[in-house]
Amino acid sequence: MKEWFKKIGKSFTKKNEPNKKTSAETENQEIVSKKTSAETENQEIASKKTSAETEQTKVNWFNKLGENFRKTSSTIKDAIFIKKLDQNNLEEIEEAFLMSDLGVNNTDSLINELKNKKLSTSNIQEHVSEFLEKQFSNIEHELILKPDNDLRVVLIFGVNGSGKTTTIAKLAKIAKDQNLKVLLAAADTFRAAAKEQIEKWANLVQIEILSGSIGEDPSSVVFKAHKKAIDERFDLLIIDTAGRLHNKTELMEELKKMTRIIKKNDEEAPHNKILVLDSTIGQNTYNQIDSFHQNIGLTGVIMTKLDGSAKGGSLIGIVRKYNLPIHALGVGEKINDLIPFVPKEFIKALLGINDGENK
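Computed from a prediction, not measured in an experiment: that's the story for all the values here.

**Q** Help me out: how do you make sense of the overall build of the protein in this one?
**A** Counting its secondary structure elements, the protein contains twelve helices and eight strands. Across the 359 residues that make up the protein, the buried fraction comes to 46%. Counted over contacts in the protein with a minimum sequence separation of 6, partners at least 24 positions apart contribute 77%.

Written as structure tokens, this is what we have:
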């Protein structure tokens with residue numbers, strides 16, 4: 001009898017072992033499933049967070065547009081959200097865009113296009129938006145700060161009061177956030193205040209800076225900074241130049257000298273030659289662009305003070321006239337108040353359309 005029980009015991013043991021194994025496998029599968037579910041949930045949370053951050057950035061940008069910009073935008077919005085398109089309405093649209101500093105030629109092109117097309121009142125604003133977007137097509141506006149090879153060299157120009165130094169600090173912060181090793185070169189050796197200002201920003205952003213002494217040859221500062229950036233394997237060198245009056249020939253010659261000095265270390269540098277422009281002066285920026293572009297050869301522009309400008313339409317004129325990219329917009333004094341220029345979002349703001357809002 002004992003032997004029989006032993007045999008039964010062995011039989012039961014053999015039958016129960018797979019069940020234990022199956023139970024363990026099921027438990028492991030449940031753990032994996034819960035883990036996968038948790039990972040999926042985390043991904044969804046991260047996705048929602050990113051989406052919310054993007055949305056918040058967009059909302060913050062619209063909120064930072066000052067009274068002047070909003071007034072112009074509101075006038076345009078009133079003109080294009082209309083019940084019927086007639087001569088009176090066309091004149092209102094024309095006046096609204098001229099006030100925004102779109103320019104006579106660009107405004108005429110828009111009005112003629114509206115006249116020549118049979119538009120229903122429901123798609124006038126849509127057509128205006130498409131027309132304006134078209135003016136920015138075929139140009140890549142994104143500013144790449146990451147080097148193609150070992151080092152990217154960016155020369156920044158701008159007249160005094162344009163917001164140049166603040167813009168440089170904002171660019172440095174963006175680059176640092178991209179985990180790039182950044183060096184600033186303070187080559188404005190004419191004014192002690194300029195040197196102090198950029199050093200203060202460099203300290204705030206915690207970026208290394210090489211400064212020249214007052215009265216030192218700016219090209220000498222540029223040469224030393226470029227050599228340091230190469231030797232110490234920096235990713236990005238941003239060079240601040242003096243707040244130059246664009247009609248001063250000797251200062252333009254100095255910029256040309258800087259460019260030649262940079263090319264001695266790298267024939268392809270500087271990789272970007274960017275002019276910082278105050279958007280509040282509208283089409284008066286054309287004189288500055290003409291002078292810098294003819295003498296130095298610009299690769300792009302950054303528009304500042306859009307938060308207080310009534311002349312947002314001038315950005316369209318700049319792109320059409322010079323075929324230059326607008327890399328970014330300054331919308332405030334804080335370190336994060338520099339946003340990438342996205343034509344579609346800019347046009348929404350100019351037309352008073354906030355995230356699809358309709359009148």
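**Q** Is there a simple way to think about unusual backbone geometry in this case?
**A** For residues besides glycine, phi is generally negative; the peptide bonds are generally trans as well. Of the consecutive residues A269 and P270, the connecting peptide bond is found in the cis state with omega at -5°. On the secondary structure map, P270 appears in the loop between helix 9 (249–265) and strand 5 (272–278). Residues other than glycine seldom take positive phi values, yet N323 does so here, at roughly 55°. Here N323 lies in the loop between helix 11 (314–322) and strand 7 (326–330).

**Q** Before we go on, may I ask you to explain the packing of aromatic side chains in this structure?
**A** Working definition: an aromatic ring pair is given by the centre-to-centre distance plus the angle between the planes. One pass over the structure, following the stated rule, counts five aromatic pairs. With a centroid separation of 6.3 Å and 90° between ring planes, the pair formed by F136 and F346 is classed as edge-to-face. Here F346 lies in helix 12 (residues 343–350) and F136 lies in the loop between helix 5 (124–134) and strand 1 (152–157), a separation of 210 residues in the sequence. Taken as a pair, F136 and F346 share a single burial class, namely buried. Taking the centre distance of 5.8 Å and the plane angle of 75° together, the rings of Y286 and Y322 count as edge-to-face. A residue pair is termed long-range when its members are at least 10 positions apart, and Y286 in helix 10 (residues 285–295) and Y322 in helix 11 qualify at 36 residues. As far as the burial class goes, Y286 and Y322 line up, both buried. Cluster of aromatic residues (ring-pair linked, three or more members): F136, F341 and F346. Directly above the aromatic system of F234 lies the positively charged group of K181, at a separation of 4.5 Å from the ring centroid.

**Q** Please clarify how helix 9 should be interpreted in this entry.
**A** Residues lying three or four places apart along an α-helix face the same way, a consequence of the helix completing one turn every 3.6 residues. End to end, helix 9 covers 26 Å across 17 residues, agreeing with the expected 24 Å (1.5 Å per residue, within 8%). Turning to helix 9, its buried residues are L251, M252, E254, L255, M258, T259, I261 and I262. On its buried side, helix 9 packs onto strand 1, helix 8 (218–231), strand 4 (236–240) and helix 10.

**Q** Got a minute to help me understand the nonpolar core in this structure?
**A** Across soluble globular proteins, nonpolar side chains have a tendency to be buried as a group. Core analysis: the largest hydrophobic core is formed by 68 residues, its most contacted members being F97 and F346. For this core, the element with the most residues is helix 11, which contributes five residues. Counting 23 residues, the second largest nonpolar core, distinct from the first, contains I168, L236, I238 and L338.

**Q** In this structure, what is going on with the pattern of salt bridges? I would like to understand it.
**A** It is possible for side chains bearing opposite charge to pair when their charged atoms get close. Summed over the entire model, instances satisfying the criterion amount to 13 salt bridges. Among the ionic pairs, K164 bridges to D240, the shortest N-O distance being 2.6 Å. Separated by 76 residues along the polypeptide, K164 in helix 6 (residues 164–177) and D240 in strand 4 bring together distant segments of the chain. Per residue, the accessibility class of K164 equals that of D240, and both read buried. Among the charged side chains, a network of salt bridges with common partners joins E208, K228 and E232.

**Q** So what exactly am I meant to see when it comes to the pairing of strand 2 (residues 182–186) here?
**A** Within a regular strand, side chains alternate between the sheet's two faces. The buried fraction of strand 2 amounts to five of the five residues, a majority that puts the element mostly inside the structure. Every second residue of strand 2 is oriented toward a common face, with V182, L184 and A186 on one face and L183 and A185 on the other, all of them buried. Pairing of strand 2 with strand 4 involves five bridges; the strand directions are parallel. Counted as the bridge partner of A186 is D240 from strand 4. Sheet topology places strand 2 next to strand 3 (residues 208–211); four bridges connect them, and they run parallel. Looking at the pairing, L184 lines up with I209 of strand 3. Traced from strand 2 through helix 7 (residues 192–205) to strand 3, the parallel crossover comes out right-handed.

**Q** What exactly am I supposed to notice about the packing of helix 4 (residues 104–116) against helix 5 here?
**A** The packing of two helices is summarised by the inter-axis angle and the distance between the axes. It is at 11 Å that the axes of helix 4 and helix 5 come closest, and there the two elements cross at 140°. As summarised for this structure, helix 4 and helix 5 are arranged oblique, according to the angle between their axes. The chirality of how helix 4 crosses helix 5 is right-handed. Within the contact between the two elements, helix 4 uses N106, S109, L110, E113 and L114 and helix 5 uses H127, V128, F131 and K134. Across the contact of helix 4 with helix 5, the residue classes tally to four nonpolar, three polar and two charged.

**Q** Hey, could you run me through the sheet that holds strand 6 (residues 300–304) in this one?
**A** Strand pairing in a sheet is mediated by backbone hydrogen bonds. Such pairs are either parallel or antiparallel. If you walk across this open sheet you meet the eight strands as 3-2-4-1-5-6-7-8, and the pairing is mixed. Strand pairing shows two members of the sheet lacking a second neighbour, strand 3 and strand 8 (338–340), which therefore form its edges. Taking each pair of neighbouring strands and ignoring which way they run, the sheet shows an average axis angle of 25°. Sitting on the sheet, helix 8 is in contact with strand 1, strand 2, strand 3 and strand 4, with an inclination near 150° to strand 3.

Conventions adopted
- Residues numbered from 1 in each chain as written.
- Predicted model: local features only at pLDDT ≥ 70, side-chain atom pairs only at ≥ 80, totals over all residues.
- Heavy atoms only, no water.
- Helix = DSSP H or I, 4+ residues; strand = E, 2+ residues; numbered from the N terminus.
- Buried < 20%, exposed > 50% of the residue type's maximum accessible area, 1.4 Å probe, protein only.
- Contact = heavy atoms within 4.5 Å.
- Phe/Tyr/Trp six-rings, centres within 6.5 Å; stacked < 30°, edge-to-face > 60°.
- Lys NZ or Arg CZ within 6 Å of the ring centre and 35° of its normal.
- Expected span 1.5 Å × (residues − 1).
- Core = buried A, V, L, I, M, F, W, Y, C linked by side-chain atoms within 4.5 Å.
- Salt bridge = Lys/Arg side-chain N within 4 Å of Asp/Glu carboxyl O.
- Pairing = 2+ DSSP bridges.
- Right-handed = clockwise from strand over helix to strand, strands pointing away.
- Axes fitted to C-alpha atoms, helices over the stretch in contact; angles between N-to-C directions.
- Parallel < 35°, antiparallel > 145°, perpendicular 65-115°, else oblique.
- Left-handed = near helix turned anticlockwise from the far one by under 90°.
- Nonpolar A, V, L, I, M, F, W, Y, C, P; charged D, E, K, R; others polar.

The values reported here are purely geometric and, on their own, carry no functional implication.
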